[in-house]
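So the chains spell out like this:
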Amino acid sequence: MPFTSDVHKFSKALPFWMSLLTVPIAVFGAVHGGWAVFLLPMVCWYFFSILDAITGLNLENADPDTNEADLFWYRLITMIWFPVQFVTSFAILWYVTHSGHLAIWEKIVLFFGLGVMSGSVGIVYAHELLHQKPRIERILGDLLLAMVMYSHFRSEHLLVHHRYVGTPRDTVTARYNEGFHKFFRRVLFESVRSAWRIEAERLEKRKMPPGHPSNPFYRYWALQAGMLILAIALGGFAGLLLFLWQALVAIWQLELTNYVEHYGLVRKHLGDGKYEHVKPHHSWNAAHKATNWLLINLQRHSDHHYKPDRRFPLLQNYDAKEAPQLPYGYPIMAVAAMIPPVWRRVMNPRVLAWRETYYPEIDSWLAYKNAINPMPR
């Protein structure tokens, strides 16, 4: 029966809707303050990781040829997230800047949590939306990125990262032995320049200057300016600072994820600026069930690079024989990345084993480690 079928489809998608739990938790923290302001980051980082220990791994693969109509409930959660995040974030911003019941430290922690939500959920959903063909989904992705002042991520990710991952041209391929804090400082500036450069190159091919109105950076700046104006209108100078704080935290969350996804994994240079094609072993994967609910299967990262526009419920799992695996889900690995000695102890032996498995013929890795191989043609 159609009704029974619809209920079954919704029940299968329901775990991915658990991201909505962050909304009442954020509101609870804003209203009650005190210890409650710590709940939101704790849920995003640790609740789903604890669930991983209970639920284990998900090694099953959906049929990649599943009909689009059967994915309605999966698509819907990503498409409603912008209005959910927009209303939640700006309503809380107005409330805490007018109620006067929270101390400064409580506001800082509360908006740290909102930044974790915007980064762990909002940017991840934006990433999914921007890879899709329907214009409405790409618009929603742009709006989510504007809420964290990182709109150039669209150009950098779609036009640079997916094309040049694992080469010196890709800003966000973390180099072997590069600590996260150094990586973060580097990426914050290089990613903007990289995104502008790729858009300028595209315009040049059409005989247009970089400042041509069709450059998407004008749209990026306009959307971001709109968000800043709204923050000021609702919360004044304090509202602006809180909004920028949550944006910085969200960006930090994104770049932590980028750092984990490709740390130390590079494509072989074939000579004259030519590199091998991207393969499954050029991404770190994690089959942990609950954190893949939160991150809508982003941890099936090898398949995402194989089929960037494949919708998240259809992403395929690769086993350890096909692609390198992380010992834990991205949230725990991100915590390890914040402590470089711990990260190196966990990951460097894995990178060295990866080199021996896939590239035993390479004698010196110095040029790869320092990203001084020729730029890809």
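Structural data are supplied above this passage.
Residues numbered from 1 in each chain as written. Predicted model: local features only at pLDDT ≥ 70, side-chain atom pairs only at ≥ 80, totals over all residues. Heavy atoms only, no water.

As for the overall build of the protein chain
- Helix and strand content of the protein chain: 14 helices and two strands.
- Against the 2.2 N^0.38 benchmark of 21 Å for 377 residues, the protein chain shows a C-alpha radius of gyration of 21 Å, consistent with a compact globule.
- Dimensions along the principal axes, computed over C-alpha positions, put the protein chain at roughly 65 × 55 × 45 Å.
- Here the protein chain, with 377 residues, has 54% of them falling under the buried criterion.
- A sequence separation of at least 24 residues applies to 73% of the contacts in the protein chain between residues at least 6 apart.
- Only carbon and sulfur atoms are counted for the fraction: they give 65% of the accessible area of the protein chain, which is about 17000 Å².
- Positive and negative side-chain charges of the protein chain, numbering 37 and 29 respectively, have mean locations separated by a distance of 5 Å. (Helix = DSSP H or I, 4+ residues; strand = E, 2+ residues; numbered from the N terminus. Rg over C-alpha atoms; globule rule 2.2 N^0.38 Å. Buried < 20%, exposed > 50% of the residue type's maximum accessible area, 1.4 Å probe, protein only. Contact = heavy atoms within 4.5 Å. Areas by Shrake-Rupley, 256 points an atom, 1.4 Å probe, with all protein chains shown as cover. Lys, Arg positive; Asp, Glu negative; His and termini not counted. Charge placed at Lys NZ, Arg CZ, Asp CG, Glu CD.)

Considering the layout of surface pockets
- Within this model, the largest pocket holds a volume of roughly 600 Å³.
- Lining the largest pocket are 23 residues, with K12, F16, A62, Y74 and P313 positioned closest to its centre.
- Secondary-structure elements contributing two or more residues to the lining of the largest pocket are α1 (2-13) and α10 (289-294).
- A per-class count over the lining of the largest pocket returns 10 nonpolar, six polar and seven charged. (1 Å grid on protein atoms, 1.4 Å probe; cavity = no way out; pocket = protein on both sides within 12 Å on 5 of 7 lines; lining within 4 Å. Points joined across faces, edges and corners; volume = space filled by probe spheres on them. Nonpolar A, V, L, I, M, F, W, Y, C, P; charged D, E, K, R; others polar.)

Considerations on unusual backbone geometry
- You will see that M149, though not glycine, has its phi angle at about 60°, which is positive.
- Tracing the sequence through the fold places M149 in the loop between α6 (135-146) and α7 (153-164).
- M149 sits in the buried class, given a relative accessible area of 19%.
- Even without a glycine there, the phi angle at D272 is positive, about 55°.
- Among the structural elements, D272 can be located in the loop between β1 (269-271) and β2 (274-275).

Re the environment of A353
- Note on placement: A353 falls in helix α13 (residues 340-358).
- Separated by 29 residues in sequence, A353 and P324 have C-alpha atoms that sit 9.8 Å apart.

Some words on empty space enclosed by the protein
- Scanning the entire structure with this criterion turns up seven cavities of 30 Å³ or more.
- In this structure, the largest cavity occupies an estimated 270 Å³ of space.
- Of all the secondary-structure elements, those providing two or more residues to the lining of the largest cavity are α3 (39-55), α5 (104-130), α7, α9 (216-262) and α12 (330-337).
- Broken down by element, the lining of the largest cavity gets its largest block of residues, six residues, from α9.
- Broken down by class, the residue content of the lining of the largest cavity amounts to 13 nonpolar, nine polar and one charged.
- The computed volume of the second largest cavity comes to approximately 120 Å³.
- Lining the second largest cavity are 14 residues, and of these T167, P168, V266, Y368 and A371 lie nearest its centre.
- Considering only residue class, the lining of the second largest cavity consists of seven nonpolar, four polar and three charged.

Considerations on the packing of α5 against α6
- Orientation of α5 relative to α6, taken along the N-to-C sense of each, is 150°, at an axis distance of 8 Å. Here α5 is positioned roughly antiparallel relative to α6, judged by the angle of their axes. Regarding α5 and α6, the two cross each other, and that crossing is left-handed. In this structure, α5 contributes G122, I123, Y125, A126, L129 and L130 to the contact, and α6 contributes E137, R138, L140, G141, D142, L144 and L145.
- Per-class residue counts for the contact of α5 with α6 are eight nonpolar, two polar and three charged. (Axes fitted to C-alpha atoms, helices over the stretch in contact; angles between N-to-C directions. Parallel < 35°, antiparallel > 145°, perpendicular 65-115°, else oblique. Left-handed = near helix turned anticlockwise from the far one by under 90°.)

A word on the environment of N67
- Mapped onto the elements, N67 comes out in the loop between α3 and α4 (72-99).
- Classification of N67 by relative accessible area gives partly exposed; the value is 46%.
- One polar contact links the side chain of N67 to the main-chain amide nitrogen of A69, over a distance of 2.8 Å. (Polar contact = N/O pair within 3.5 Å; in protein donor to acceptor, adjacent residues only side chain to side chain.)

A short note on the packing of aromatic side chains
- One pass over the full model with this rule turns up 37 aromatic pairs.
- When the ring of F112 is compared with that of W252, the centres are 5.8 Å apart and the planes differ by 45°; the resulting orientation is tilted. Separated by 140 residues along the polypeptide, F112 in helix α5 and W252 in helix α9 bring together distant segments of the chain.
- Ring geometry for F217 against W221: centres 5.8 Å apart, planes inclined by 65°, an arrangement best described as edge-to-face. Linking F217 with W221, this pair stays in helix α9, spanning four residues, or about one helical turn.
- The exposure class of F217 is buried, given its relative accessible area of 4%.
- On the accessibility criterion, W221 (45% relative accessible area) is partly exposed.
- Counting every residue linked through ring pairs, the aromatic cluster contains Y176, F180, F183, F184, Y259, Y263 and W343.
- Over the face of the ring belonging to Y306 we find K307, whose NZ or CZ atom lies 5.7 Å from the ring centre. (Phe/Tyr/Trp six-rings, centres within 6.5 Å; stacked < 30°, edge-to-face > 60°. Lys NZ or Arg CZ within 6 Å of the ring centre and 35° of its normal.)

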